[in-house]
Amino acid sequence: MSHLEHSLRILPDFPVADKHPHTLTTHGKNRVDNYYWMRDDERKNQQVLAHLQAENTYCDNQLAAIKPLQNTLFEELKGRIVKDDNTVPVKDGKYWYHSEVRGDDEYSRHFRSTNINASDKHLLLDVNILAAGFDFYELGEVAISPSEQVLAYSQDVEGRRIYTVHFKDILSGELLDDVLENTEGQVVWANDNKTLFYVRKDEQTLLGFQVFRHTLGSAQSEDVLVYEESDRSFYMGLGKSRDESLILIDLASTETNDTYVLDANKPLGEFTQLIPREEGHEFDVDKLNDTFYIVTNWQAKNFRLMTATSDTVANKSQWVEHTAHRDDVLLEDVETFNDFLVLTEREQGQTRFVIINKQGQRRKLEFDDPCYYAAVAMNPEPNTSHARIYYSSLTTPGTLYNVNLETGDKAVLKQQQVLGDFNADNYTSERLFIKARDGVSVPVSIVYRQDTFNKDGTNPLFQYGYGAYGYTIDPNFSSSSLSLLDRGFVYVIAHVRGGEMLGRHWYEQGKMQHKQNSFNDFIDVTKALIAQGYCSANKVFASGGSAGGLLMGAVLNQAPELYLGVGSHVPFLDVLTTMLDESIPLTTNEYDEWGNPNDEQYYKVIEAYSPYDNISAQAYPHILVTTGLHDSQVQYWEPMKWVAKMREYKTDNNILVFKTDMDAGHGGASGRFKSLEEKALEIAFFIGLLNT
């Protein structure tokens, strides 16, 4: 019997939510939502706050029996982290930039120096000081003026991804009077060192939709609106071209991109559209010297690389193909250097890099692990023959390489140090392809400790999934997962449809009317791993967050018998109601992902799987749900309502606990150690459910 099950019997009285029937009518169909009252946009309703506090108290009391285990795990996770650490300095302009953490500090200090050895380092920001007095703190973007004399930094102190921008004179250390409120967090400097641009948010939807120009030394009330996007299905961001000649407004909906540009040397001019907007045309564009580089899906589902000049960039028919489309290779990105290009590609789920010199010669840069994560790291200077590449796998801690672009040779600049008795040779990773019910092969990444894995159907298993927005969950090293692996768990990432692991079609087959494929894939992976002896049928755990929380909610309704315990974090659970309400932040951006339920066709699609709407009278596993009160991505009331309804319907006596961080947003707790408490809670929850 587990300690958790014992504690459940001695504390059966969970919070019971009031029911206030609220009728929602769409397409002539009525839905009654008894917990609609839990929505409070202001986060001030005393009944709501009292219920959340009651759930927190119940969760703490219910899990009191495993609190010692959670504390042990927290110290275990914390004990693997190097307390005194620093990043490798990177050159940008005249200076080298790096950050450091020391002792028990939660946050970094940022420095610059005139040499790579940082012998004359100058403190730019101490985030520990900035965060003092706040329950939550996130440093957004740090942007140095072209003169390298003024620093702009943004901060979020509520967890709602609403950033305030401050300015600091680097030499004197004094803060300037300029303060920019209610921004997306990005600041882009014009080349005159006094003009900058930022994105303001809609205070209701939290959608960035306006670009303002600010002149250093003036009040924000004097700022000039230079662009406003009327189509609220687009996200908005700012950037600067690789050669720093252009300021870019980047607009992106799920299926369409648009870019506006301004000469960075003429900041009082007007932004102009670079390429005519075309529904379904996705592209990413950058400029170096006289050439535009465009990664585009124009006549290329998996994208291809095109080049253009200032005279031809607006006309697709005049673009020149640089790297052709391939049916079995996804082109993800291009990094430009004066004498080289570095392409990021993905084939059969594996990332690789292709280095191309000016003569067009191509060199592939690949790695040996069966599954891994790799990405081009920070390379601010285009005039170089070396590039930094970040690499990690399920068994290899994060490693920063310096790659010679002429030879392809890799030199390790730094590898993440894991304290304790970690030895990579003790662990094995695998990449499997498991057939789903429709015959499609789903990639699966697996890692386990060799001396505890038997493949005889006795191991516990932790399965993670996401499956949305074309976002690929690559197999990355996680020191916290060692606490599971060292206790005999098999750790699994199911790369379900909805991500982009196997190319663009993998994404398209896991969204809108095909969303059910994501759930089927996850369930079928679990069944196959049980059948193949990777785990015990009675010891399977699952977890996911945000859109992965939706995945958990759907899987819980459709195959609850497969799992002993499930973790669902900042979960998107009330899909139908949210997608029908354009006042909720980010709803309009999501239509191309889930479908617009104002269209009856997509109403029926979403209604069929929406976790909140499909709770039924059946037995469910043990469940841990977490959220943040100030989450702006998935509102707190979605899991709150879901838990209340689940308590009403479920027929089992299994644990259902709901924990709300009253200070955090979508990203959870801030700080490098505080965030480990959330990980320790879930690991303790799962371990505690195993028979002892």
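Visitor: What exactly am I supposed to notice about the pattern of salt bridges here?
Guide: If the charged atoms of two oppositely charged side chains come close together, the side chains can form a pair. For the structure on display, the rule yields 41 salt bridges. Linking Lys-78 and Asp-104 is a salt bridge whose minimum nitrogen-to-oxygen distance equals 3.9 Å. Here Lys-78, found in helix H3 (residues 67–79), pairs with Asp-104, found in the loop between strand S5 (95–101) and strand S6 (109–113); they are 26 residues apart in sequence, far enough to count as distant. Looking at Lys-78, the relative accessible area reads 19%, which means it is buried. The exposure class assigned to Asp-104 is partly exposed, which follows from its relative accessible area of 48%. Across the pair Arg-109 and Asp-105 runs a salt bridge, and its minimum N-O distance is 2.6 Å.

Visitor: Help me out: how do you make sense of helix H8 (residues 547–558) in this one?
Guide: Note that an α-helix has 3.6 residues per turn; residues three or four places apart therefore point the same way. Between its first and last C-alpha, H8 extends 17 Å over 12 residues, near the 16 Å set by a 1.5 Å rise per residue. For H8, the buried fraction is high: 11 of the 12 residues fall into the buried class. Every buried residue of H8 is accounted for by Ala-547, Gly-548, Gly-549, Leu-550, Leu-551, Met-552, Gly-553, Ala-554, Val-555, Leu-556 and Asn-557.

Visitor: Hey, could you run me through the sheet that holds strand S30 (residues 399–404) in this one?
Guide: Strand-to-strand pairing in sheets goes through backbone hydrogen bonds, with the strands running parallel or antiparallel. Taken in spatial order, the 4 strands of this open sheet run S28-S29-S30-S31, and their pairing is antiparallel. In the strand order of this sheet, the two ends are held by strand S28 (372–376) and strand S31 (410–415), each with one partner. Strand-to-strand twist in this sheet, taken as the mean axis angle between neighbours without regard to direction, amounts to 25°. Alignment of S28 against strand S29 (residues 386–393), held across 5 bridges, turns out to be antiparallel. Paired with Tyr-372 across the two strands is Ser-393, which belongs to S29.

Visitor: Sorry if this is basic, but what is going on with the nonpolar core here?
Guide: Within soluble globular proteins, side chains that are nonpolar tend to cluster in buried spots. Counting residues in hydrophobic clusters, the biggest one holds 115 residues, and the most contacted among them are Ile-446, Phe-522, Leu-529, Tyr-563, Trp-594 and Trp-642. At 9 residues, the largest contribution of residues to this core is made by helix H13 (residues 674–689). When residues no more than four places from it in sequence are discounted, the contact partners of Trp-594 are Ala-468, Tyr-469, Met-512, Lys-515, Ala-547, Leu-550, Phe-572, Met-579, Tyr-602, Ile-606 and Tyr-609.

Visitor: What is the right way to look at the packing of helix H7 (residues 516–531) against H8 in this model?
Guide: The axes of two packed helices give the description: the angle between them and the distance between them. At a closest axis distance of 10 Å, the pairing of H7 and H8 adopts a crossing angle of 70°. If you check the angle between H7 and H8, you find them roughly perpendicular. Every pair of crossing elements has a handedness; the one defined by H7 and H8 is right-handed. Only Leu-550, Leu-551, Met-552, Ala-554, Val-555 and Gln-558 of H8 make contact with H7, whose side of the interface consists of Gln-516, Ser-518, Phe-519, Asn-520, Phe-522 and Ile-523. Residue composition of the contact of H7 with H8, grouped by class: 8 nonpolar, 4 polar and no charged.

Visitor: Explain the packing of H3 against H13 to me, please; I cannot follow it from the model alone.
Guide: Packing of H3 against H13 brings their axes to within 8 Å, and their N-to-C directions diverge by 130°. Put simply, H3 runs oblique to H13. H13 is crossed by H3, and the crossing has right-handed handedness. Contacts between H3 and H13 involve Leu-69, Gln-70, Leu-73, Phe-74, Leu-77 and Lys-78 on the former and, on the latter, Leu-676, Glu-677, Lys-679, Ala-680, Leu-681, Ile-683, Ala-684, Ile-687 and Gly-688. Split by residue class, the contact of H3 with H13 holds 10 nonpolar, 2 polar and 3 charged.

Visitor: Help me out: how do you make sense of the pairing of S6 in this one?
Guide: Side-chain direction in a regular strand flips from residue to residue, so the side chains alternate between the two faces of the sheet. By the bridge criterion, 5 bridges tie S5 to S6 in an arrangement that is antiparallel. Within the sheet, the bridge partner assigned to Tyr-97 lies in S6 and is Arg-112.

Visitor: In this structure, what is going on with unusual backbone geometry? I would like to understand it.
Guide: Note: most peptide bonds trans; most residues except glycine with negative phi. One non-glycine residue, His-27, adopts positive backbone phi at about 55°. On the secondary structure map, His-27 appears in the loop between strand S1 (22–26) and strand S2 (29–33). With relative accessibility at 34%, the residue His-27 sits in the partly exposed group. Residue Gln-299 is not a glycine yet carries a positive backbone phi of 55°.

Visitor: Sorry if this is basic, but what is going on with the environment of Asn-315 here?
Guide: The residue Asn-315 is located in the loop between strand S22 (304–308) and strand S23 (320–323) in this model. For the pair Asn-315 and Ile-275, spaced 40 residues apart in sequence, the C-alpha separation works out to 7.2 Å.

Visitor: Explain empty space enclosed by the protein to me, please; I cannot follow it from the model alone.
Guide: Gaps left between atoms are located by rolling a probe of water-molecule size over the structure's atoms. With the rule as written, the count across this model stands at 1 cavity of 30 Å³ or more. Surrounding the largest cavity, 13 residues form its lining, Tyr-471, Ile-473, His-495, Val-496 and Gly-499 being those nearest its centre. Grouping the constituent residues of the lining of the largest cavity by class yields 7 nonpolar, 5 polar and 1 charged.

Conventions and cut-offs
Residues numbered from 1 in each chain as written. Predicted model: local features only at pLDDT ≥ 70, side-chain atom pairs only at ≥ 80, totals over all residues. Heavy atoms only, no water. Salt bridge = Lys/Arg side-chain N within 4 Å of Asp/Glu carboxyl O. Helix = DSSP H or I, 4+ residues; strand = E, 2+ residues; numbered from the N terminus. Buried < 20%, exposed > 50% of the residue type's maximum accessible area, 1.4 Å probe, protein only. Expected span 1.5 Å × (residues − 1). Pairing = 2+ DSSP bridges. Axes fitted to C-alpha atoms, helices over the stretch in contact; angles between N-to-C directions. Core = buried A, V, L, I, M, F, W, Y, C linked by side-chain atoms within 4.5 Å. Contact = heavy atoms within 4.5 Å. Parallel < 35°, antiparallel > 145°, perpendicular 65-115°, else oblique. Left-handed = near helix turned anticlockwise from the far one by under 90°. Nonpolar A, V, L, I, M, F, W, Y, C, P; charged D, E, K, R; others polar. 1 Å grid on protein atoms, 1.4 Å probe; cavity = no way out; pocket = protein on both sides within 12 Å on 5 of 7 lines; lining within 4 Å. Points joined across faces, edges and corners; volume = space filled by probe spheres on them.

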